[in-house]
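Per-entry structural report
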Amino acid sequence: MIKRVLSIAIAASLLSSCAVLTVQDVGGGNFYVQRILPNGAITRAQEFCDDQGKSFLAEKIEPASIIEGRSPSILFKCV
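In what follows, the accompanying structure is described. Note that the structure is a prediction, hence the values are computed from the model and not measured. (Residues numbered from 1 in each chain as written. Predicted model: local features only at pLDDT ≥ 70, side-chain atom pairs only at ≥ 80, totals over all residues. Heavy atoms only, no water.)

Let's talk about the sheet that holds strand β2 (residues 30-34)
Reading across the sheet, the 4 strands line up as β1-β2-β4-β3 and stay open at both edges, with antiparallel pairing between neighbours. Taken across any chain shown, the strands that pair with only one partner, and hence form the sheet edges, are β1 (24-27) and β3 (56-62). The average undirected angle you get between the axes of adjacent strands in this sheet is 30 degrees. In the packing of helix α2 (residues 40-51) onto the sheet, the strands contacted are β2, β3 and β4 (73-78), and the crossing angle to β4 comes to about 15 degrees. (Pairing = 2+ DSSP bridges. Helix = DSSP H or I, 4+ residues; strand = E, 2+ residues; numbered from the N terminus. Axes fitted to C-alpha atoms, helices over the stretch in contact; angles between N-to-C directions. Contact = heavy atoms within 4.5 Å.)

This is the structure we're talking about:
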């Protein structure tokens with residue numbers, strides 16, 4: 001039983017890390033991105049701004065919280 005739960009947890013982790021990151025426009029020139037991996041949100045935000053030929057400026061970075069079930073996320077601007 002423990003092996004089965006462990007294998008499900010590992011599979012879920014691998015599959016979720018393959019998820020496509022979408023950058024959401026939240027208005028006022030701000031964007032939001034969320035990711036399972038700790039640096040994934042920041043990397044995606046930087047790439048998004050680079051694609052626009054602008055610099056990345058973090059407004060708010062929220063770390064993951066296993067207790068609250070929250071993934072790392074970032075609110076940012078491209079300037």
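Looking at the nonpolar core
Among the nonpolar cores identified, the biggest contains 9 residues, and these are F31, V33, A41, A45, F48, C49, I74, F76 and C78. Counting residues per element, the ones that place at least two in this core are β2, α2 and β4. Sorting elements by how many residues they give to this core places α2 first, with 4 residues. In this view, I74 contacts F31, Y32, V33, A41, I42, A45, F56, A58, K60 and I61; residues no more than four positions away in its chain are not counted. (Core = buried A, V, L, I, M, F, W, Y, C linked by side-chain atoms within 4.5 Å. Buried < 20%, exposed > 50% of the residue type's maximum accessible area, 1.4 Å probe, protein only.)

Some thoughts on α2
Given a rise of 1.5 Å per residue, 12 residues ought to cover 16 Å, and the 16 Å separating the end C-alpha atoms of α2 matches this to within 8%. Among the residues making up α2, those that are buried are G40, A41, A45, F48 and C49. The buried side chains of α2 occupy one side of the element, clustering within an arc of 165 degrees when seen end-on. When the buried face of α2 is taken as reference, the exposed residues oriented beyond 90 degrees from it are D50 and D51. Against the buried residues of α2 lie β2, β3 and β4. Positive phi shows up at G53, right after α2, with a value of about 75 degrees. (Expected span 1.5 Å × (residues − 1). Arc of directions from axis to C-beta.)

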